[in-house]
Amino acid sequence: QVQLVESGGGLVLTGGSLRLACAASGSIGSMHRMGWFRQGPGKQRELVATITSGGLTDYADVVKGRFAISRDNAKNTVYLQMNSLKPEDTAVYYCNFRRVLPTGAYLNDYWGQGTQVTVSS
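For clarity, every value in this text was computed on a predicted model and none was experimentally measured.

S.K.: Break down the pairing of strand 5 (residues 46-52) for me, citing the residues and quoting the values.
M.R.: Here six bridges tie strand 4 (residues 32-39) to strand 5, and the two strands are oriented antiparallel to one another. Bridge pairing in strand 5 links Phe 37 to Leu 47. Taking the residues that link successive antiparallel strands as the turn, the strand 4-strand 5 hairpin has six residues, and the phi of Gly 42 there is positive, at about 70 degrees. The hairpin turn running from strand 5 into strand 6 (residues 57-59), its antiparallel successor, is four residues long, and Gly 55 in that turn takes a positive phi close to 95 degrees.

S.K.: Quick rundown of the pattern of salt bridges? Include the residues and the values.
M.R.: If you walk through the whole model with that rule in mind, you get five salt bridges. Ionic pairing is found between Asp 89 and Arg 38, a salt bridge with its closest N-O pair at 2.9 Å. Of this pair, Asp 89 sits in the loop between strand 8 (77-82) and strand 9 (91-100) while Arg 38 sits in strand 4; the two residues are 51 residues apart in sequence, bridging distant segments of the chain. The two residues Asp 89 and Arg 38 agree in class, both being buried. Asp 61 is the salt-bridge partner of Lys 64, the closest N and O atoms lying 3.2 Å from each other. Residue Lys 64 is classed as partly exposed on the basis of its relative accessible area of 48%. Assessed through its relative accessible area of 62%, Asp 61 is described here as exposed.

S.K.: Quick one: what's the story with unusual backbone geometry, residue by residue and with numbers?
M.R.: Here Asn 76, not a glycine, exhibits a phi torsion of approximately 50 degrees, which is positive. Here Asn 76 lies in the loop between strand 7 (67-72) and strand 8. Taking the relative accessible area as the measure of exposure, Asn 76 reaches 25% and is therefore partly exposed. You will see that Ser 84, though not glycine, has its phi angle at about 50 degrees, which is positive. Tracing the backbone shows Ser 84 in the loop between strand 8 and strand 9.

How each quantity is defined
- Residues numbered from 1 in each chain as written.
- Predicted model: local features only at pLDDT ≥ 70, side-chain atom pairs only at ≥ 80, totals over all residues.
- Heavy atoms only, no water.
- Pairing = 2+ DSSP bridges.
- Helix = DSSP H or I, 4+ residues; strand = E, 2+ residues; numbered from the N terminus.
- Salt bridge = Lys/Arg side-chain N within 4 Å of Asp/Glu carboxyl O.
- Buried < 20%, exposed > 50% of the residue type's maximum accessible area, 1.4 Å probe, protein only.

What is shown is where atoms sit, not what they do.
As structure tokens, then:
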């Protein structure tokens, strides 16, 4: 079992920045993907950014160039640096941990409780 603890959410003005952090603990495997999803008011949960245990990243088109995901493997922590924030970025951001198999399949999605990000104009 994996536990995820999120931090860093808050309220900022348009154009501001926030840095989210997600620390994973428990049964951390050698192959996994961590990342951030978000769900805004009246919207479906969507992928924001992910990073694999090998360091490969993926971003939603709407955040490319503004957000950057990184990880500290020694701390089992993933970060999301969010710059040039827009009101459209307002959402609850959820940390995700996905155990990945060599076949491309996966097991055991784990989710954080979510942290609120509000961007005000």
